[in-house]
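# Analysis of the macromolecular model
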Amino acid sequence: MIDKNSPLPIYSQIEEYIKERIEKGELKPGDVLPPEREYAEQFDVSRMTIRQAINNLVNDGLIYRKKGSGTFIAEKKFEQPLQGLTSFTEDMKGRGLTPSSKLLSFELIPVSANIAAVLHISEYTPVYEIKRIRMADNTPMALETCYISANLIKGLTEEIINQSLYQYIEEKLQLEIGEATQVIESALANDLEVELLKINEGDPILLIERCTYLKNGTPFEIVRSSYRADRYKFTSKLKR
Ligand code: 16G
């Protein structure tokens, strides 16, 4: 399997070998990776070489180390296309997963100056502030805080929020959702994110801020979300 005369470094060849086993499903998410010693014997190379291959795979997020218990195969990341304006519910259903939410808080509050400016409403107008943990097959994927113009999106209830907000807007209120602007940046998870997303201290997350508009150009929501960087990657198509 390993070609010592290949121009490709041995650690890269081992990386490819492990990647292939993951892709073929021979190593499944949650499985423990065989110990470095075993690979070193199998390929007749030093443990340093194996460690380099493993470090690269850890950096790529394909495997992860757990202190004191070993190295494990990570869950596959979701590929989220950046072109469509979809809801969390639609995204998960599209993947054949069951979406659910855990409502952390749901309040009608007077809007702050900066959110009022983006939503084109006057300061202190009521907005719904909704905090939810978004889950796929009961696994927490993202933490979401939405600010929604209450004068525009009327009649929200806990029951609706526990289902799909976009579905309510389109099907019940018969409003057409048009477009959104979105900013994505990386950050380290804070204590709350670590606890609610069930991730580890120091794990990276992807912060997304979205402002969504109705087809007539009126902004109706600002959403700040923290997505698990170990479970998400965003893809887009670029045309020249
Ligand atoms: C997504 C959107 C969020 C929207 C929500 C509606 C991002 C970053 N955010 O999570 O803006 O409020 O979907 O989901 O994609 P729902 O219809 O399932 O309630």
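Residues numbered from 1 in each chain as written. Predicted model: local features only at pLDDT ≥ 70, side-chain atom pairs only at ≥ 80, totals over all residues. Heavy atoms only, no water.

### Focus: the UniProt feature "domain: HTH gntR-type" (unreviewed entry) in the protein
- Residues annotated by UniProt as "domain: HTH gntR-type" (unreviewed entry) correspond here to residues 8-76.
- Helix makes up 51% of residues 8-76 and strand 12%, and the two end C-alpha atoms of the span are 26 Å apart. (UniProt positions renumbered as here; feature names shortened; annotations may be inferred. Helix = DSSP H or I, 4+ residues; strand = E, 2+ residues; numbered from the N terminus.)

### Description of the side chain of R134
- Among the structural elements, R134 can be located in strand 5 (residues 126-136).
- Within the structure, the side chain of R134 is placed 3.0 Å from the side chain of S101, a separation counted as a polar contact.
- Residues in contact with R134, not counting those within four places in the same chain, are F88, T89, S100, S101, T139, P140, M141, A142, E144 and Q163. (Polar contact = N/O pair within 3.5 Å; in protein donor to acceptor, adjacent residues only side chain to side chain. Contact = heavy atoms within 4.5 Å.)

### Notes on the site of the ligand
- As a structural note, the neighbourhood of the ligand is formed by 16 residues, with T89, E144, S164, L165 and R210 the closest of them.
- Here an oxygen atom of the ligand and a side-chain polar atom of R132 are 3.1 Å apart.
- Residue Y166 places a main-chain N or O atom 3.0 Å away from an oxygen atom belonging to the ligand.
- Its free accessible area being 460 Å², the ligand has 97% of it covered by the protein chains.
- Of all the secondary-structure elements, those providing two or more residues to the shell around the ligand are helix 4 (88-94), strand 5, helix 7 (165-172), strand 8 (204-214) and strand 9 (219-228).
- By residue number, the principal contributor to the shell around the ligand is strand 9, which donates three residues.
- For the shell around the ligand, the residue count by class is six nonpolar, five polar and five charged. (Near = heavy atom within 4 Å. Areas by Shrake-Rupley, 256 points an atom, 1.4 Å probe, with all protein chains shown as cover. Nonpolar A, V, L, I, M, F, W, Y, C, P; charged D, E, K, R; others polar.)

### Considering the packing of helix 1 (residues 10-23) against helix 3 (residues 47-59)
- Two elements in contact, helix 1 and helix 3, have axes whose closest approach is 8 Å; the angle formed by their N-to-C orientations is 55°. By the angle class used here, helix 1 and helix 3 are oblique. The element helix 1 and its partner helix 3 pack so that their crossing is right-handed. Of the residues in helix 3, those touching helix 1 at I10, Y11, I14, E15, I18 and K19 are T49, I50, Q52, A53, N56 and L57.
- In the contact of helix 1 with helix 3, the residues fall into seven nonpolar, three polar and two charged. (Axes fitted to C-alpha atoms, helices over the stretch in contact; angles between N-to-C directions. Parallel < 35°, antiparallel > 145°, perpendicular 65-115°, else oblique. Left-handed = near helix turned anticlockwise from the far one by under 90°.)

### Section: helix 7
- Listing the buried residues of helix 7 in full gives L165, Y166, Y168 and I169. Considered in projection along helix 7, the buried side chains sweep an arc of 165° and stay on one side of the axis. Within helix 7, the exposed residues directed more than 90 degrees away from the buried face are E171 and K172.
- Looking at the buried residues of helix 7, the elements they touch are strand 5, strand 6 (139-149), helix 6 (158-161), strand 7 (177-188), strand 8 and strand 9.
- Capping of helix 7 at its N-terminal end is provided by S164; its side-chain oxygen lies 3.5 Å from the backbone amide nitrogen of Y166.
- Within two residues after helix 7, Q174 carries a phi angle of roughly 55°, on the positive side. (Buried < 20%, exposed > 50% of the residue type's maximum accessible area, 1.4 Å probe, protein only. Arc of directions from axis to C-beta.)

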